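# Observations on chain architecture
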Amino acid sequence: MVITQKRLAIAGLVIAAGFLVLWGIYTAAVHTTAESRPFQFGLVGQAESVDPARVGNNVEKLMASTMYEPLVRWDDQTQSLKPCLANNWGYAKDAKSIIFALEGDVKFHSGRRLSALDVKMSWERSLKSSESPVTRSLFSTIAGAQELINGSAKEISGIKVLDAYTIQVNLTEPDSAFVYKVTHPAFWVVDTRDVIEIPPGTGPYRLDRFEAKQGLTVKVFKNYHGLRPAIAAIRFTCYQDENQGLNAFKAGQLDALDSVPRSEVSALQADTSRHRLVKTPLMGFYAYAMNVNKAPYNQLSLRRAMNYCIDRELLIKNVMGGVGQPAKGILPMAVPGYNRALQGYNLNTEKAIELLADTDYFKSVNPPVLEATYNTDQGHARVALALKTQLETMQIAVRPTSLSWEEYEKKMTSMQLDFFRLGWDADYPDADAFLYPLFHSSQIGFTNLTGYRNAQADRILEAARAETQSNTERIKLLRRAEQIILDDAPMLWLVQKEVVSLIRPDVQGFKRDGLGLVNWLNLRFQEP
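Just so you know, these numbers come straight off a predicted model, no measurement behind them. (Residues numbered from 1 in each chain as written. Predicted model: local features only at pLDDT ≥ 70, side-chain atom pairs only at ≥ 80, totals over all residues. Heavy atoms only, no water.)

## Here's the deal with the pattern of salt bridges
Within the structure shown, the criterion is met by 24 salt bridges. Close ionic contact of arginine 54 with aspartate 51 constitutes a salt bridge, the shortest N to O distance being 2.8 Å. Judged by relative accessible area, aspartate 51 falls into the buried class, the value being 1%. The partner of aspartate 191 in a salt bridge is arginine 112, and the shortest N-O contact between them spans 2.7 Å. Here aspartate 191 is found in the loop between α6 (178–181) and β8 (205–211), whereas its partner arginine 112 is found in the loop between β5 (97–102) and α3 (116–129), with 79 residues between them in sequence. On the accessibility criterion, aspartate 191 (2% relative accessible area) is buried. By sharing partners, the salt bridges in this structure join Arg112, Asp118, Asp191 and Arg193 into a single network. (Salt bridge = Lys/Arg side-chain N within 4 Å of Asp/Glu carboxyl O. Buried < 20%, exposed > 50% of the residue type's maximum accessible area, 1.4 Å probe, protein only. Helix = DSSP H or I, 4+ residues; strand = E, 2+ residues; numbered from the N terminus.)

## Some words on the packing of helix α15 (residues 455–466) against helix α16 (residues 471–488)
Contact pair α15 / α16: the axes reach a minimum separation of 9 Å and the direction vectors enclose 160°. Overall, the two elements α15 and α16 adopt an arrangement that is roughly antiparallel. When the axes of α15 and α16 are compared, the crossing they make is left-handed. Touching Gln456, Ala457, Ile460, Leu461, Ala463 and Ala464 of α15 are Arg474, Leu477, Leu478, Arg480, Ala481, Ile484 and Ile485, all from α16. Residue classes in the contact of α15 with α16 are distributed as 10 nonpolar, one polar and two charged. (Axes fitted to C-alpha atoms, helices over the stretch in contact; angles between N-to-C directions. Parallel < 35°, antiparallel > 145°, perpendicular 65-115°, else oblique. Left-handed = near helix turned anticlockwise from the far one by under 90°. Contact = heavy atoms within 4.5 Å. Nonpolar A, V, L, I, M, F, W, Y, C, P; charged D, E, K, R; others polar.)

## Brief notes about the sheet that holds β5
Pairing in this open sheet of four strands is antiparallel, and the strands run β4-β5-β7-β6 from one edge to the other. Each having just a single partner strand, β4 (86–91) and β6 (159–163) make up the two edges of the open sheet. Strand-to-strand twist in this sheet, taken as the mean axis angle between neighbours without regard to direction, amounts to 20°. Judged from the four bridges that link them, β6 and strand β7 (residues 166–170) form a sheet pairing that is antiparallel. Across the sheet, residue lysine 160 finds its bridge partner in β7, namely glutamine 168. Each of β5, β6 and β7 touches α3; the most contacted strand, β6, lies at about 170° to it. (Pairing = 2+ DSSP bridges.)

## Notes on the packing of helix α14 (residues 432–439) against α15
It is at 11 Å that the axes of α14 and α15 come closest, and there the two elements cross at 135°. Considering the angle they form, α14 stands oblique to α15. Here α14 runs over α15; the crossing is left-handed. For the pair formed by α14 and α15, the contact residues are Asp432, Leu435, Tyr436 and Phe439 on the first element and Asp458, Leu461 and Arg465 on the second.

## Regarding the side chain of glutamine 496
Tracing the backbone shows glutamine 496 in strand β17 (residues 491–503). For glutamine 496, a relative accessible area of 5% corresponds to the buried category. Within the structure, glutamine 496 has its side chain in polar contact with the backbone nitrogen of methionine 333 (distance 3.0 Å). Residues within four places of glutamine 496 in sequence aside, it is in contact with Gly284, Phe285, Gly324, Gln325, Pro326, Ala327, Leu331, Pro332, Met333 and Tyr338. (Polar contact = N/O pair within 3.5 Å; in protein donor to acceptor, adjacent residues only side chain to side chain.)

Functional significance is not addressed by these values, which are geometric in nature.
What follows is the structure in structure tokens.
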């Protein structure tokens, strides 16, 4: 068949016309939805700030995620990192540097085009602004970060701007987890040159109004570099507790509520005509940590025995309202690399008795009473009481002790507590986010609050950080480290966290990921 220039021209016109028709249908659909009412989202908790450098809780993080973006984002469906502000990235062979290539058509809400220098300045601003040991630990492997913290340098020397759209990060040691750390709010990029309280971002929504402790309203950013959101505006409203939020939802004031009272979950599940429940496994766990250098917790057999004393399924059913999964090991199922074949800890009274016989706990006339410390909260009190009941069936005496948040945090971070509640949420979507900060010996006194030290586990965790060529091999190393730490039992693991959200039947595309975030581009109202 001979294709003439005339035929090519006619074919081109047909294709172009077809594309215009399809584009018209798409933009009309988006326009129709986007011109509808704002999405009303209720959040349980308070927000003091939505500046990524100062975000400190899940409420603030959810709000800020509408306006700010990282270089790479986590995709829960594929369990992998995807491009966001960067379209490509790669490690050097020694895993001690990584290069990010940025998208060239990204604009801030201020109208200015994003550059590599903006990324460097934004990250430096975050590190300067934060006093959180967790945030500082995320930057700790970047060359020059410590010098910026202690004031001996004005910039992070390890962050190099190679050209307008290329940035290189030099590390002091191999860190294959760094690319996952970049998903944390501290690395979300802001326009530092626009010196206002809430700086412009690059996200699909721009700031309309923020009231601390009250709520936030954002509107579509028309020059967004990605697909335009279907929802024109989102209005977040903060509630003091879940019951207050649930009442607002039942009154028709909300399209979604981020969490509901656990005592109401069963009743809400029974009535799905006016709402839908969305249960999401999170990258977090609820445990009781033990100072392994203090008696009686310095006895391995006692720590392991305590883990075999607990009926985690009963705890979830009777105390957690059925929300959560038994924590047999360290890594929650939402974490990439979760080992479903891991045996871990289950209720096993025979094993517990066998292990207790190897301890000197019962050798004294008056065995020590274990003081289970938690921060004042009704939910934590119920867990502590259930823990006491279950451990005392094995003759292990427990005294629940409540402290104010301020006193609890001060004593916990200074390692003055011996047996204490510890909730841990991943700061980035990787097994390293649990194993390294909580159990590597270099983190003792910072995020390792049990004093746990195991040279073999340290070496394996370091080898995992040095592995950038094969993620499969890296996961194998992390699983080996998890098994070693699990056998040493520096914690009493109880529950893998879940969150239950409530949404209206006409809401489509609402899904929380393992970090508790929402993909706002998927959100829409069902057309009538």
